[in-house]
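Summary of structural features
For reference, the chains in residue letters:
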Amino acid sequence: MKNIAIIGSTGSIGTQTLDIARANKDIRVVALAAGNNIELLEKQAKEFRPDIVGIWSEDKAKQLSEALSNFDIRIVWGMEGLIEIARYAKSDILVTAIVGMIGIKPTVEAIKAGKDIALANKETLVTAGHIIMPLAKEKGVKILPVDSEHSAIFQCLHGETGNKISRLLITASGGPFRGKDRKFLETVTLEDALKHPNWSMGKKITIDSATLVNKGLEVIEAKWLFDIEPSNIEVVVQPQSIIHSMVEFEDGSIKAQLGTPDMKLPIQYALYYPERRYLAGDRMDFTALSGIIIDKPDRETFKGLDFAYKSISIGGSMPTVFNAANEKAVAMFLAKDIEFLQIYDIIDDCIKAHEVIENPTLEQIFETEQWVYDYIRSKY
């Protein structure tokens, strides 16, 4: 029996993780946590009967406690609650499916407690990779990537211990605006940006895909996950989302991981690694393909990728600035307070204004995040 804890259980990754738990009788969900979706969290708790359930606000925790009064479930809240769930003695693996830098502290605490991490929280490595990866190595903990691109690379590297990597090739679908120019982007709406052609994701990640910021964050993550310099990480556009990423070795051989665009595959692979299990769903029909298109990303129009390479080349606290500025800008776009292209303007402005902190501590990372938020409020 594999005991799992999930923080972010009501989001896209969290709900799909629970789908996998439903389909596999040897997974027990021992802890769940969510942000604000108390209705869905209550349903999940009643179905899976975890030992602990967490929610962000104390008021909602009280509501949840009343709703689950007939169940033997401990209710926790806030950051302390997330940390308690992350460290829960009965869990074997923590699925970090929560969005935002709120996921960093629970991940650190889980690693310290010896838990393997199924990582779907980008911010953890983007802002604190220099802390997370050495700590995981010290504690003998596996960091198992859940992002489809990083999972693809991870799968390609299985059995390749000792073989030198030449390049990582991270694929991008190009999002809903592939092939469009800057003039077109001046008038796009929120509804347009949320129409991803291939993947079903949360709103924030869908907007990040449209700006190519998502690929930029993945480049930074890949640097830490696979100990590869960003200059050896290339992004290519593969619109059908069939090739999920590739690895080129020093002899010129390239291994790719292919499949239908289904996030359950990388989630399940992380939960059962290195075992593969049957997974219901569509299968690739290569006879129905007219071709597999590979193209270069338009980095002049979609600036998110260049901001990422610039941030990681500067290093220190700059990736935190990039991440936090994007997070705030996307929230403003989702609230219809700014236009699509202003996301880039805000990120650029923050990068230019920031004084870099070399090798920041966790406390300095969170201080940098707050500096970004305060700076954006003062200017926009």
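So, here is what we can say about the structure in this document. (Residues numbered from 1 in each chain as written. Predicted model: local features only at pLDDT ≥ 70, side-chain atom pairs only at ≥ 80, totals over all residues. Heavy atoms only, no water.)

**Examining the sheet that holds strand β10 (residues 243-249)**
Taken in spatial order, the 4 strands of this open sheet run β9-β8-β10-β11, and their pairing is mixed. Strand pairing shows two members of the sheet lacking a second neighbour, β9 (233-237) and β11 (254-258), which therefore form its edges. Across the sheet, the mean angle separating the axes of adjacent strands is 20° when strand polarity is ignored. As paired elements, strand β8 (residues 165-172) and β10 share 5 bridges and run antiparallel to each other. Residue pairing in the sheet places Leu 169 in a bridge with Met 246 of β10. Packing against the sheet, helix α7 (residues 148-157) makes contact with β8, β10 and β11, and its axis sits at approximately 40° to β10. Of the strands in this sheet, β8 and β9 are in contact with helix α11 (residues 213-226), which crosses β8 at around 150°. (Pairing = 2+ DSSP bridges. Helix = DSSP H or I, 4+ residues; strand = E, 2+ residues; numbered from the N terminus. Axes fitted to C-alpha atoms, helices over the stretch in contact; angles between N-to-C directions. Contact = heavy atoms within 4.5 Å.)

**Quick look at the pattern of salt bridges**
Scanning all chains against the criterion turns up 27 salt bridges. Here Glu 221 and Lys 122 are joined by a salt bridge, their closest N and O atoms 3.6 Å apart. With Glu 221 in helix α11 and Lys 122 in helix α6 (residues 122-139), the pair connects residues that are 99 residues apart, well separated along the chain. Just as Glu 221 is buried, Lys 122 falls in that class too. The salt bridge partner of Glu 218 is Lys 215, with a shortest N-O separation of 2.7 Å. In this pair, Glu 218 and Lys 215 both sit in helix α11, 3 residues apart, roughly one turn of the helix. (Salt bridge = Lys/Arg side-chain N within 4 Å of Asp/Glu carboxyl O. Buried < 20%, exposed > 50% of the residue type's maximum accessible area, 1.4 Å probe, protein only.)

**Some words on the packing of helix α1 (residues 12-23) against helix α12 (residues 264-272)**
Across the interface, α1 lies against α12 with an axial gap of 10 Å and an inter-helix angle of 65°. Where α1 crosses over α12, the two elements pack in a sense that is right-handed. Contacts between α1 and α12 pair Ile 13, Gln 16, Thr 17, Asp 19 and Ile 20 from the former with Lys 264, Ile 267, Gln 268 and Leu 271 from the latter. (Left-handed = near helix turned anticlockwise from the far one by under 90°.)

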